[in-house]
Amino acid sequence: MTVNTPSPEIVKTGYPTAATLAELQANLADIHMRIAAACERAGRATDTVRLLPVSKTVDEARIRLAYAAGCRELGENKVQEAYGKWEAMSDLQDLKWAVIGHLQTNKAKLVARFAHEFQALDSLRVAEILDRRLQDEGRALDVFVQVNTSGEASKFGLAPDQALDFARALPAFSSLRVRGLMTLALFSSDERHVRPCFQRLRDLRDRLQQDAPSGERFQELSMGMSGDFEWAIEEGATIVRVGQAIFGARALPDSHYWPEGKRGAG
Ligand SMILES: *Cc1c(COP(=O)(O)O)cnc(C)c1O
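Bear in mind that the values here come from a model prediction, so they are computed numbers and not experimental data. (Residues numbered from 1 in each chain as written. Predicted model: local features only at pLDDT ≥ 70, side-chain atom pairs only at ≥ 80, totals over all residues. Heavy atoms only, no water.)

Q: When you look at unusual backbone geometry in this model, what are you seeing that I'm missing?
A: Positive phi, close to 70 degrees, is recorded for Thr57, a residue that is not glycine. Relative to the helices and strands, Thr57 resides in the loop between strand 1 (50-53) and helix 3 (60-68). (Helix = DSSP H or I, 4+ residues; strand = E, 2+ residues; numbered from the N terminus.)

Shown next as structure tokens:
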């Protein structure tokens, strides 16, 4: 019997790199099965959860394989990287790009040009500039308000107690179609620390919805990543953002991709 020694990369994160169409198809099928199982445990219909594959750091060749495997939307946390990929793959006309990382106002113009969704709205200043740029482009954009549910200073997002006032201000921006809330949970393998973050986001969504008229636009809960998406679904996620479990481990630690020391930075 041969013993396969896993590469150091696999030992580190547990996610082997998917390099072929067959490997990507297998990973996607596995994630869809786990989503379905989590839905069943939660007594929810499978089609109430949308998988957003996250392709940050993944190169064009493998993104084209993901497209061949059926992906029609991809999440990226850096605007510049996403914009470059959108340009390079403009031949894939039905491929949509979601920006899921923090946005600096000087990049709002790019987002307004190509993104179909922005999941990290957390300031009125960004809302205002994005709205103006969208009007220049004659476009509208689905947006999610990012909430910091873990209380870590290292995370972007509004404090939960700021969300109500923030939500009430958003109808002024006519090009922003508010869809819901987004969060990154505490980064931990202990569900007793992770689940409360998801519960906080759900409770907040429920409170916003009662605060009609602006509240009724808050339907979606974007929460859950490779390491915690099943817990997120059990707590009510309607969108899960999964990168490494589909594409494989990223070569560098996340602190490299979020240089300001914040998770989800762009
Ligand atoms: C990278 C990223 C994800 C996906 O994380 P994985 O560990 O690759 O599943 C989800 N959300 C945001 C905001 C990200 O930046």
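Q: When you look at the site of the ligand in this model, what are you seeing that I'm missing?
A: With respect to spatial proximity, 12 residues lie near the ligand, and among them Lys56, Ser226, Gly243, Gln244 and Arg250 are the closest. Here Ser226 contributes a side-chain N or O atom positioned 2.5 Å from an oxygen atom of the ligand. In this structure, an oxygen atom belonging to the ligand sits 2.7 Å away from a side-chain N or O atom of Arg250. The residue inventory of the shell around the ligand, partitioned by class, reads 5 nonpolar, 4 polar and 3 charged. (Near = heavy atom within 4 Å. Polar contact = N/O pair within 3.5 Å; in protein donor to acceptor, adjacent residues only side chain to side chain. Nonpolar A, V, L, I, M, F, W, Y, C, P; charged D, E, K, R; others polar.)

Q: Would you mind showing me how to read the environment of Ala98 here?
A: Note that Ala98 resides in strand 3 (residues 96-99). On a C-alpha basis, the gap between Ala98 and His116 in space is 5.9 Å, while along the polypeptide they are 18 residues apart. Residues contacting Ala98, with those up to four places away along its chain left out, are Leu52, Leu74, Gly75, Glu76, His116 and Glu117. (Contact = heavy atoms within 4.5 Å.)

Q: Would you mind showing me how to read the pattern of salt bridges here?
A: Summed over the entire model, instances satisfying the criterion amount to 25 salt bridges. The shortest N-O distance in the salt bridge between Asp91 and Arg64 comes to 2.9 Å. Placement of Asp91 in the loop between helix 4 (79-88) and strand 3 and of Arg64 in helix 3 is noted, with a sequence separation of 27 residues between them. Classification of Asp91 by relative accessible area gives partly exposed; the value is 48%. The partly exposed category is assigned to Arg64, whose relative accessible area is 27%. For Glu191, the salt bridge identified is with Arg195, shortest N-O distance 2.7 Å. Highlighted residues: Glu191 and Arg195, both in helix 8 (residues 191-210), separated by 4 residues, approximately one helical turn. Glu191 sits in the partly exposed class, given a relative accessible area of 33%. For Arg195, a relative accessible area of 16% gives the class buried. (Salt bridge = Lys/Arg side-chain N within 4 Å of Asp/Glu carboxyl O. Buried < 20%, exposed > 50% of the residue type's maximum accessible area, 1.4 Å probe, protein only.)

Bear in mind that shape data such as this cannot, by itself, settle questions of function.
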